[in-house]
Structure formats: structure tokens, C-alpha cells
Amino acid sequence: MRAIWKGAVSFGLVSIGVRLYSATEEKDIRFHQVHREDGGRIRYKRVCSIDGEEVSYDDIAKGYDLGGGEMVILTDEDFADLPLSTSRAIDVLEFVPAEQVDPMLYNKAYYLEPEGTATKPYVLLRDALADSDRVAIVKVAIRQREQLATLRVRDNVLVLNTMLWPDEIRQASFGFLDDDVQVRPPELAMAASLIDSMAGEFQPDEYTDDYRAALQEVIDAKVEGREIVAPEEEEAAPAAAVDLMAALRASVERARVARGEPAEGDADREPAQPTPISSAKSAKSAKAAAPKKAAAAKKTGQAQKKTTAKKAAPQEKAAADDSKQPAAKKTGQAQKKTTAKKTAQRKTA
């Protein structure tokens, strides 16, 4: 990472030298505007709308539109007299409970790294801030703009979160807020049941930008000359619910099915249809389990064959013994007849 700002955290009489790094980065796929016929880059010129002449950077000033075609022009001298802090300091104003800061105020996050010999006071402020369960409210001037911000601890690093000013937050003025809408207790209970059935632990790594992945696949296919496979169509958004209770009940059952839990209700009731996500997960699980099931079935078949052969062996032996007994009996009888005949012949002689 490259430091974008250097300054100091002013904490009482303590000054902590720090370097500022962007803590986030956008992963959007960026494109250039090009000529469709030959792929040439599109260029823009800075042209005056009045005389049509191209204007250099040295002749460009800032204008504030008053409306009605009137414009106030401000020069560099006008900006030089503004009370913008140039001390490159992060001034700590106060420490407040973290829950009192509305997340809507947060704008952009930066990492702070101690500079030079400032490591010990940096660690001191970090540990004290972590133990207090508070965040520091600070003011800082970055890129010619004074901003309100917070200092908090994340992964043992001080993080500067710039914030919007209170007057930059729009008020939620909507007509339905003045309507007297009555929600019945059963509806509220069913909605709470739906929330419970969809409750979980937030794991950011489980979520992906499907659009960006599909767009990257299109780009890779173009580069490699492969055929572009159209992505599967997503399930259409359901129409507005007419029966709120029925929609909530169906949503609860669908959420339970998606989580692999049995749906409530009578056994005769038709089960809720699984969502595309749950269907994909089930298909993936079935595909992964197929080789294991086949191997288990093969082992079971071999074991059954061995068991059958083992059981059949004593039976075949017994049958063989049974078949030998009549033969032995006949042989004994024949031998007796032969002996008696010989005895008779001897007596006659």
C-alpha cells in the first residue's frame, strides 16, 4: 500500500506521527470509451461554451452557479484566504460511545500506521481506546477539505472513518409515515417467526458479486475466443402479496426448507418450493455425495455377496453329505450280497 497522507494525531499534549492508507478499494471492472469501428480511445477537449475555443488548465477557474444563467467566479486567491487547516493534524475533540454514531454518517475508511518513533504512543492510544469501548471524534483536513471523522480500533490498527456532516444527511420525508397503518398481532408474530427462521451469523466471505464474476467471464471468453455461455435466468421477483399472512407463512416454510429443516403444518400440506440458492446447494451436495454413495453401495454389495456365500457354504456341505449317505448305503448292501453269494458257492462246492 502507498501512503496518501502524512500527519499527526493530536491527543491532548501527545502528538503521534502517522501515515494514512486507504483501507478499501473498489473492485469494479472499468472500461474506456472507444470508437466502435476501430477501437480508438475517445478524447475530450476543454472547450469554452461561448467562444468555442479550447481552454488550457491555467485559464480554468471555479464557478458557482446562482441559477438563471448567473455565475460567481472564484480564483485561487479566494480559496487561499479560507480557514482550512494546513497543520496536517488529526485533532481529537472528544470520546463518545460507539453506538451513538449513526452508521449512515460513515463515509470512507483509512488505516493509520505509526511513523518513526511514534510506535509506543500509538500503541498506548490504541489499547486505551479499545479498553474504553468508545470512539474518538476528530477533525482532519484531507485533499483540501476539512472532514469530521472517528478513530476506532480494528485488528489492532487505528482506523480513521471520515464522516458526512449532519446537514448532508437527507431527512426521510415520505407520505406513508403520516398514514395510520394497523398491524395485527398474528401478522407481527408471523413476521417475527420469519426473521427467526432466517437468522444467522454474518460471514462476509459467503457473499460474492455475481454480476462482476459473470462480466469477467464474458471478458475472458472474448480474450480467449471462447463461446460465451449465457448465465442461468434468475427467478422472477414475486408479485405484491395479496394475503399477507399466507405470504408470510409460505416465506417461513421456504426459509426452513432452504435451511434443511422440516416445514411446519400438516403432513398433507404441499411443501414450499425451494429457492434457486437452496436448489443449487442441494444439487451441489448431491453431486459431491454421488461418488461416496456409489462407493458405499459397491462395498455393501460386496459385503452382501460374501455373507451370502458364507451362509451357502454350510448348506452345500450338508447337502453333499446327505447325497453321500444313500450312495454309501447302496454300496454296503451290494457288498453284503456279493459276500453272501460267494459263501453259498463255497458251500455247494
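Everything below is about the structure shown above.
Residues numbered from 1 in each chain as written. Predicted model: local features only at pLDDT ≥ 70, side-chain atom pairs only at ≥ 80, totals over all residues. Heavy atoms only, no water.

A. Here's a closer look at the environment of Val-257. As for its position among the elements, Val-257 is in helix H5 (residues 244-258). Using a relative accessible area of 27% as the deciding quantity, one classes Val-257 as partly exposed. The sequence separation of Val-257 and Ser-197 amounts to 60 residues, and the corresponding C-alpha distance is 9.9 Å. (Helix = DSSP H or I, 4+ residues; strand = E, 2+ residues; numbered from the N terminus. Buried < 20%, exposed > 50% of the residue type's maximum accessible area, 1.4 Å probe, protein only.)

B. Quick peek at a negative patch on the surface. On the surface, Asp-76, Glu-77, Asp-78 and Asp-81 cluster together into a patch of negative charge. Assignment of secondary structure puts Asp-76 in helix H1 (residues 76-80). (Patch = residues over 30% accessible without salt bridge, like charges linked within 9 Å, V, L, I, M, F, W, Y side chains within 5 Å. Areas by Shrake-Rupley, 256 points an atom, 1.4 Å probe, with all protein chains shown as cover. Salt bridge = Lys/Arg side-chain N within 4 Å of Asp/Glu carboxyl O. Lys, Arg positive; Asp, Glu negative; His and termini not counted. Charge placed at Lys NZ, Arg CZ, Asp CG, Glu CD.)

C. Inspection of the packing of aromatic side chains at higher detail. Using the criterion set out here, one finds 3 aromatic pairs in the structure. Judged by centre distance (6.0 Å) and plane angle (25°), the rings of Phe-202 and Tyr-207 are stacked. Accessibility classification places Phe-202 together with Tyr-207 in one group, the exposed group. Geometry around Phe-79 places Lys-62 over its ring, the cationic atom sitting 5.4 Å from the centre. (Phe/Tyr/Trp six-rings, centres within 6.5 Å; stacked < 30°, edge-to-face > 60°. Lys NZ or Arg CZ within 6 Å of the ring centre and 35° of its normal.)

D. Focus on the pattern of salt bridges. For the structure on display, the rule yields 9 salt bridges. Ionic pairing is found between Glu-115 and Arg-19, a salt bridge with its closest N-O pair at 3.5 Å. Here the residue Glu-115 occupies a position in the loop between strand S6 (106-114) and helix H2 (119-132), and Arg-19 occupies one in strand S2 (residues 14-22), the gap between them amounting to 96 residues. On the accessibility criterion, Glu-115 (27% relative accessible area) is partly exposed. By sharing partners, the salt bridges in this structure join Lys-6, Arg-19, Glu-113 and Glu-115 into a single network.

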